[in-house]
Amino acid sequence: MEFSVKSGNPEKQRTACVVVGIFEPRRLSQSAEQIDKASDSYLSNIIRRGDIEGKLGQSLLLHNVPGTLCDRVLLVGCGRERELSPQKYNRIITTATKALNEGGTMEAVFYLTDINIKGQESEWKVSQLILAVEDVLYRFDVMKSEKDEFRRPLRKIIISIPSRRELAECEDAVKSALAIANGMTIAKDLGNLPGNVCTPTYMAEQASDIAQQHETLTTTILEESDMLELGMGALLSVSRGSREPAKLIVMEYKGGQDDEKPVVLVGKGLTFDAGGISIKPSAAMDEMKYDMCGGASVIGVMQACAELNIPLNVTGVVPSSENLPDGEANKPGDIVTSMSGLTIEILNTDAEGRLILCDALTYSERFDPAVVIDIATLTGACVVALGHHAQAILSNHSPLTHELLNAGKHINDKGWELPLWDEYQSQLDSNFADMANIGGRDGGSITAACFLSRYTKKFKWAHLDIAGTAWKSGKEKGSTGRPVPMLMQFLLNRVN
Ligand code: BES
Ligand code: MN
Ligand code: ZN
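Rules used in this analysis
Residues numbered from 1 in each chain as written. Chains lettered and ligands numbered in written order. Predicted model: local features only at pLDDT ≥ 70, side-chain atom pairs only at ≥ 80, totals over all residues. Heavy atoms only, no water. Salt bridge = Lys/Arg side-chain N within 4 Å of Asp/Glu carboxyl O. Helix = DSSP H or I, 4+ residues; strand = E, 2+ residues; numbered from the N terminus. Domains from an automatic or database assignment. Contact = heavy atoms within 4.5 Å. Buried area = accessible area lost by both parts, 1.4 Å probe. Polar contact = N/O pair within 3.5 Å; in protein donor to acceptor, adjacent residues only side chain to side chain. Nonpolar A, V, L, I, M, F, W, Y, C, P; charged D, E, K, R; others polar. Expected span 1.5 Å × (residues − 1). Buried < 20%, exposed > 50% of the residue type's maximum accessible area, 1.4 Å probe, protein only. Near = heavy atom within 4 Å. Axes fitted to C-alpha atoms, helices over the stretch in contact; angles between N-to-C directions. Parallel < 35°, antiparallel > 145°, perpendicular 65-115°, else oblique. Left-handed = near helix turned anticlockwise from the far one by under 90°. Donors = N, O, S within 2.8 Å, 3.2 Å for Na, K, Ca; no water. Tetrahedral: all angles 85-135°; square planar, octahedral: opposite > 155°, others 65-115°. Pairing = 2+ DSSP bridges.

1. Here we look at the pattern of salt bridges
Tallying each qualifying case throughout the model produces 18 salt bridges. A salt bridge links Arg494 to Glu403; the nearest nitrogen and oxygen atoms lie 2.9 Å apart. In this pair, Arg494 is assigned in helix α14 (residues 484–495) and Glu403 in helix α12 (residues 398–411), connecting sequence segments 91 residues apart. Salt bridges sharing partners connect three or more residues here, namely Glu24, Lys55 and Arg80.

2. Observations concerning the domain arrangement of the protein chain
Taken domain by domain, the protein chain comprises domain 1 (2–161) and domain 2 (179–495). Once you take the C-alpha centre of each, domain 1 and domain 2 turn out to be 38 Å apart. Listed by partner, the interface residues are twelve residues for domain 1 and 15 residues for domain 2. For the domain 1 and domain 2 pair, buried surface summed over both sides reaches about 1,100 Å², with 58% attributable to carbon and sulfur atoms. Counting the surface domain 1 buries against domain 2, the share from its top three residues, Leu131, Tyr138 and Phe140, is 44%. At the surface where domain 1 touches domain 2, the tally comes to one salt bridge. Linking domain 1 with domain 2 are six residue pairs in polar contact (both at pLDDT 80 or more), by the criterion used here. Mapped by element, the contributors of at least two residues to the side of domain 1 that touches domain 2 are α3 (86–103) and α4 (122–137). No other element matches the five residues that α4 contributes to the side of domain 1 that touches domain 2. Per-class residue counts for the side of domain 1 that touches domain 2 are seven nonpolar, three polar and two charged.

3. Points about helix α9 (residues 293–308)
Along its 16 residues, α9 runs 22 Å from first to last C-alpha, staying within 8% of the 22 Å computed at 1.5 Å per residue. Among the 16 residues of α9, 14 are classified as buried, and the element is accordingly described as predominantly covered. At the exit of α9 stands Asn309, carrying a positive phi of roughly 55°.

4. Quick notes on the site of ligand 1
As a matter of local geometry, ligand 1 sits amid 16 residues, with Lys280, Asp291, Asp350, Glu352 and Gly380 nearest to it. A distance of 3.2 Å separates an oxygen atom of ligand 1 from a polar atom in the side chain of Lys268. Within the side chain of Asp273, a nitrogen or oxygen atom sits 2.9 Å from an oxygen atom of ligand 1. Tallied by class, the residues present in the shell around ligand 1 amount to five nonpolar, four polar and seven charged.

5. Brief notes about the packing of α12 against α14
The contact between α12 and α14 brings their axes to 8 Å, and the two run at 115°. Our classification of the angle between α12 and α14 gives roughly perpendicular. The two elements α12 and α14 cross, and the hand of that crossing is right-handed. Where α12 approaches α14, its residues Leu400, Glu403, Leu404, Ala407, Gly408, His410 and Ile411 are matched on the opposing element by Pro485, Met486, Gln489, Phe490, Asn493 and Arg494. Here the contact of α12 with α14 is composed, by residue class, of seven nonpolar, four polar and two charged.

6. Focus on the side chain of His463
Along the polypeptide, His463 turns up in strand β19 (residues 461–465). The class of His463 is buried, set by a relative accessible area of 0%. Here Asp374 takes part through its side chain, which lies 2.6 Å from a polar atom of the side chain of His463. Setting aside anything within four residues of it in sequence, one finds His463 in contact with Asp374, Ala376, Leu378, Ala392, Ile393, Leu394, Ala449 and Leu452.

7. A look at the coordination of the manganese ion (ligand 2)
The protein atoms that coordinate the manganese ion (ligand 2) are Asp273 (OD), Asp350 (O), Asp350 (OD) and Glu352 (OE), at distances of 2.0 to 2.2 Å. With six donor atoms in place around the manganese ion (ligand 2) and angles of 68 to 165° between them, the coordination shape is irregular. Counting gaps between the donor residues of the manganese ion (ligand 2) yields the pattern D-x76-D-x1-E. The two metals, the manganese ion (ligand 2) and the zinc ion (ligand 3), are separated by 3.2 Å and share Asp273 as a common coordinating residue. You can see Asp273 sitting in strand β11 (residues 269–273) and its partner Asp350 sitting in the loop between β14 (343–346) and α10 (353–364), a full 77 residues away along the chain. Residue class for Asp273 comes out buried when judged on its relative accessible area of 3%.

8. Let's talk about the coordination of the zinc ion (ligand 3)
At 2.0 to 2.4 Å from the zinc ion (ligand 3) lie its protein donor atoms, namely Lys268 (NZ), Asp273 (OD), Asp291 (OD) and Glu352 (OE). Coordination at the zinc ion (ligand 3) comes from six donor atoms whose angles at the metal span 78 to 176°, giving a geometry best classed as octahedral. Along the chain, the residues donating to the zinc ion (ligand 3) are arranged with the sequence spacing K-x4-D-x17-D-x60-E.

9. Section: the pairing of strand β9 (residues 247–254)
Most of β9 sits inside the fold, with six of its eight residues counted as buried. Inspection of the sheet shows β9 paired to strand β12 (residues 313–323) by eight bridges, in the antiparallel sense. Counterpart to Met251 in the pairing with β12 is Gly316.

Given below as structure tokens:
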């Protein structure tokens, strides 16, 4: 989609469609008011007749509105003005975009930046608008022989902003939102691809292809032989049960000073998690193709950083493997030695994410990181605790937690903190090794993070459990691209 910003009166736009808001109950927004004046009360007459109440989710397309230069005016319900929120703003944009795309309008000027969202400036509305449009128009149909194509799809959106003074900031917001949306698309595509296509080798190839397109980005792939030399016994124990070779993908983006410490992002890239010998129940097991979404979000962020030329150093590390039952797979009771030297008793082979992550975290020490953030679809318990709205944040450095919480809140990709208290650590005690890989049912997301915390003592670290946010199930099954927005906002905030 092509986006641009400008300012001007709605009735003077020569375009296929002008989009304005209507509040509940039957009240005109500022730009709707302007059109109403120019059209000799055409809008207020329609509204008085009761054709649109202004409820969230409603829209009404009008043709040839007198006094305007556009072909159509789309009225979009915005709900009650006093109850507006970032989530509702998203819903308003989504409703408008669907109506336009399905209605055959190829170009539109959006006046929805004139509605007030508490504490948010035009810049924010521009960015949220772009992210919402790109999200609702996203399709994954590369594997369908017939694609549902619209005859006249929406191609161009012009975002009107109230004042010229904000033009420069809003143009920057267009650039960064588009880069974030592209990063999300990369993450979504990788997530939606099936496990037989998106293998560790495929992920490594994609990461290399992306690096080829940017001078500031390099990708290095570590093979199993390299991992063996490094002593990554935990990671390799997971991939031993699979015929697909594991890969450790390392992406380095250099946008900052040479001597500046990088932000290191470590993403779980489990391309299919059957559970191993502790095999999962078969219901919805297909969704375990999404177990690489942490890794995919890291690849998406790396691309977005390069696209935006952000003045920071960022390193992405993606351990990628499958987890399958096999004669050579891990068995419950097996003890493996991780790269750090710590030994792990594998009491459940389905707790494999932490096994591949712990070696990737130890490996991250060599980058002398400013901070390390790992991103993983790590525990079903996280979905029980937080549902699908927030990712869990657990960290050994509370300022880092707050940076992530704030970034997520700003861009509407929210996180919520869970405690990483010492009290939980003893649940990982093992009679036979330095630790067990599971800590029992209680506080499952916390004990998983406790496990990782034993490998992150040398740096400031946060863990994002995205098990509930990385994809949607049911009729709308599909990857969400989260938490690319949170991570990008986090990085952008670090620049300023
Ligand atoms: N990838 C799963 C976590 C998961 C499960 C995410 C369901 C989203 C939905 C992870 O590897 C796993 O299997 N975790 C186990 C850990 C348990 C054995 C301690 C879990 O959550 O059941
Ligand atoms: Mn598992
Ligand atoms: Zn898993």
